[in-house]
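Residue-level structure breakdown
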Amino acid sequence: MKLVAAAKVRKAQAAVVNGRPFSESLVKVLFNVFVHIQQNEGIDIALTQIRPVRKVALVVMTGDRGLCGGFHNSVLKKAEDRMTELRDLGVEYTVESVGKKGNAYFKSRPSIPVDKFIDAGNVPTTRKAQVIADELFSLFMSEEVGKVELVYTKFVSLMKFNPVIHTLLPLFPEGEVCGMDGRCIDAVDDEMFRLTTKDGKFAVERDVVITATPVPTLQFEQEPIQILEALLPLYLNSQLLRSLHESTASELAARMNAMNTASDNAFELKRALSISYNRQRQAKITGELMEIVAGANSAIS
């Protein structure tokens, strides 16, 4: 299982690394178009509207198989902590569970409201990501939820993968997303792209890194609003597909490490048992020799 996971994780890692430049470039294009519309036309886009949040949708991404250490427990604990945080803030929530392990976990806990159970499969595809994107788009546009957050495991390296929270909707909020009572409901470690200002200029803030706004170099042959409406579904799909790739790569890396640890433990157990067996065998042989010697001495006497 270690060798199989190691072979698969290389492909998954390549998918993560190859997908990040596209997602980051798409974010830059969206940001340019969005700034142009805001500055020149002042049009509000539905997916970027900030409204008081009554309910939050949590998209919890897990895997389909076990034997991968604490991979599933860590992301589920992250989701539980976020639910507790929202309850303390007086904000309702619903769960979109992605993955068989998460589905089984939430089905055994009827007290947690789950909107839909989704089987993502072992290989992330654009079609699977689109199914999730359509469901989330419907929830947000119908104003059933005012915020959509992804809870998944971010792939850092073969030895490190961290459960994270990333706000998917609304896009590029200016300032904080607040509940009905005006209190901020953003997660402390949210990886949300945030539209802010620095020294009087627009900037994109992600975590604690502030990047200056790129100078707009786009020439629009169509209306910017039409381009943005075409790019937003692509953005949702790409972000969800990237999250699925990150989660899959993290799961395979966790399984590889878990199987490596299991192999090491088995080897150590075998060594300890061999030593114990040899000691008992030697003790038995020694005892038998002593009995033979004692019997011989008795016969001579």
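As a starting point, this report considers the structure included with it. (Residues numbered from 1 in each chain as written. Predicted model: local features only at pLDDT ≥ 70, side-chain atom pairs only at ≥ 80, totals over all residues. Heavy atoms only, no water.)

The next subject is the pattern of salt bridges. One pass over the structure, following the stated rule, counts eight salt bridges. As a salt-bridge pair, Glu246 and Arg242 come within 3.6 Å of each other at their nearest N and O atoms. With a gap of four residues between them, Glu246 and Arg242 both fall in helix 5 (residues 224-300), about one helical turn apart. A residue is classified by how much of its surface remains accessible, and Glu246, at 1% relative accessible area, is buried. Here Glu251 makes a salt bridge to Arg255, at a shortest N to O gap of 3.0 Å. Of this pair, Glu251 and Arg255 both sit in helix 5, four residues apart, roughly one helical turn. Side by side, Glu251 and Arg255 carry an identical accessibility label, which is buried. One network of salt bridges, with partners in common, ties together Arg82, Glu85, Lys147 and Glu149. (Salt bridge = Lys/Arg side-chain N within 4 Å of Asp/Glu carboxyl O. Helix = DSSP H or I, 4+ residues; strand = E, 2+ residues; numbered from the N terminus. Buried < 20%, exposed > 50% of the residue type's maximum accessible area, 1.4 Å probe, protein only.)

If you walk through the whole model with that rule in mind, you get one aromatic pair. Against the face of Phe117 rests Lys107, its NZ or CZ located 5.1 Å from the ring centre. (Phe/Tyr/Trp six-rings, centres within 6.5 Å; stacked < 30°, edge-to-face > 60°. Lys NZ or Arg CZ within 6 Å of the ring centre and 35° of its normal.)

What follows deals with the nonpolar core. Membership of the largest hydrophobic core comes to 36 residues, with the highest contact counts inside it found for Val59, Met61, Val98, Ile132, Val148, Leu168 and Leu240. Taken together, the elements giving at least two residues each to this core come down to helix 1 (2-40), strand 1 (55-61), helix 4 (126-141), strand 4 (147-155), strand 5 (161-169) and helix 5. A per-element tally of this core places helix 5 first, with ten residues. Contacts of Leu168, omitting those with residues within four sequence positions, involve Leu136, Val148, Glu149, Leu150, Tyr235, Leu236, Gln239 and Leu240. Counting 18 residues, the second-largest nonpolar core is a separate cluster that includes Ala79, Met83, Val95 and Val151. (Core = buried A, V, L, I, M, F, W, Y, C linked by side-chain atoms within 4.5 Å. Contact = heavy atoms within 4.5 Å.)

Moving on, we come to the environment of Phe140. Structurally, the position occupied by Phe140 is in helix 4. According to the relative accessible area criterion, Phe140 is buried, its value standing at 1%.

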